[in-house]
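# Fold and contact review
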Amino acid sequence: MGAAYFYQLKDSPLDVTLPMLVGKAREAGWRVLIRAVNPNLCARLDEVLWQGSEAAFLPHGVAGGPHDADQPILIGDAPATGFDCVICVDGAELTQAEVDGAERACVLFDGWDEAALSHARSQWKTLTDAGCAAQYWAQEDGRWAMKAQKS
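None of the values given here were measured: they were computed from a predicted structure. (Residues numbered from 1 in each chain as written. Predicted model: local features only at pLDDT ≥ 70, side-chain atom pairs only at ≥ 80, totals over all residues. Heavy atoms only, no water.)

## Quick look at the side chain of His60
Looking at the element boundaries, His60 is found in the loop between α2 (39-50) and β3 (61-62). The class of His60 is buried, set by a relative accessible area of 8%. A polar side-chain atom of His60 sits 2.8 Å from the main-chain carbonyl oxygen of Leu58. Leave out the neighbours within four places in its chain, and His60 touches Asp46, Leu49, Trp50, Gln71, Ile73 and Ile75. (Helix = DSSP H or I, 4+ residues; strand = E, 2+ residues; numbered from the N terminus. Buried < 20%, exposed > 50% of the residue type's maximum accessible area, 1.4 Å probe, protein only. Polar contact = N/O pair within 3.5 Å; in protein donor to acceptor, adjacent residues only side chain to side chain. Contact = heavy atoms within 4.5 Å.)

## Some points on the pairing of strand β5 (residues 85-89)
Counted residue by residue, β5 has five buried out of five residues, so it is predominantly covered. Going residue by residue along β5, you find Cys85, Ile87 and Val89 tucked away on one face and Val86 and Cys88 tucked away on the opposite face as well. In this structure, strand β2 (residues 32-35) lies alongside β5, joined through four bridges in parallel fashion. Within the sheet, the bridge partner assigned to Ile34 lies in β5 and is Ile87. Chirality of the crossover, the property in question, places the unit of β5, helix α3 (residues 96-101) and strand β6 (residues 104-110) among those that are right-handed. (Pairing = 2+ DSSP bridges. Right-handed = clockwise from strand over helix to strand, strands pointing away.)

## So, the nonpolar core
The biggest cluster of nonpolar side chains holds 26 residues, and the ones touching the most others in it are Ile34, Ile87 and Leu108. Every element with two or more residues in this core is listed here: β1 (3-9), α1 (14-27), β2, α2, β4 (73-75), β5 and β6. No other element matches the five residues that α1 contributes to this core. Once you skip the residues sitting within four places of it in the chain, Leu108 turns out to touch Tyr7, Leu9, Leu14, Thr17, Leu18, Leu21, Ile87, Cys88, Val89 and Asp90. Phe6, Ala80, Ala120 and Tyr136 belong to the second-largest nonpolar core, a separate cluster that totals 22 residues. (Core = buried A, V, L, I, M, F, W, Y, C linked by side-chain atoms within 4.5 Å.)

In short, shape yes, function no, at least from these values alone.
This is how it looks when you write it as structure tokens:
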């Protein structure tokens, strides 16, 4: 059974934090779904993952292609089946079954955006009320600090 990790982005934008988290997931040998529902955001994240150094290359694809099942990292609004890590961005939904079925599930949100913060709080409540273990991380002076934990 996995856990949900909530990341409140304040010091580093999504374009910086996401490749770091995806890199760590890949180092663990996990297959990663980056769930985003906005096609423009999917295209931007596709570009972001291509911009890394050759040593830190993150092989990936955008959902809807002929080789989705073979992608070690898939970007888009796809089912979480077959993924070890699900990372939801821009308000994408995450279910209890997806948390339970993954090694790790993450929700990344803009800590300066009140609507995003409110949605993340709602997701936290829904998932923890359903029995999911969860951790809430926030950036403070460029470092990550755990602010809340529920098991």
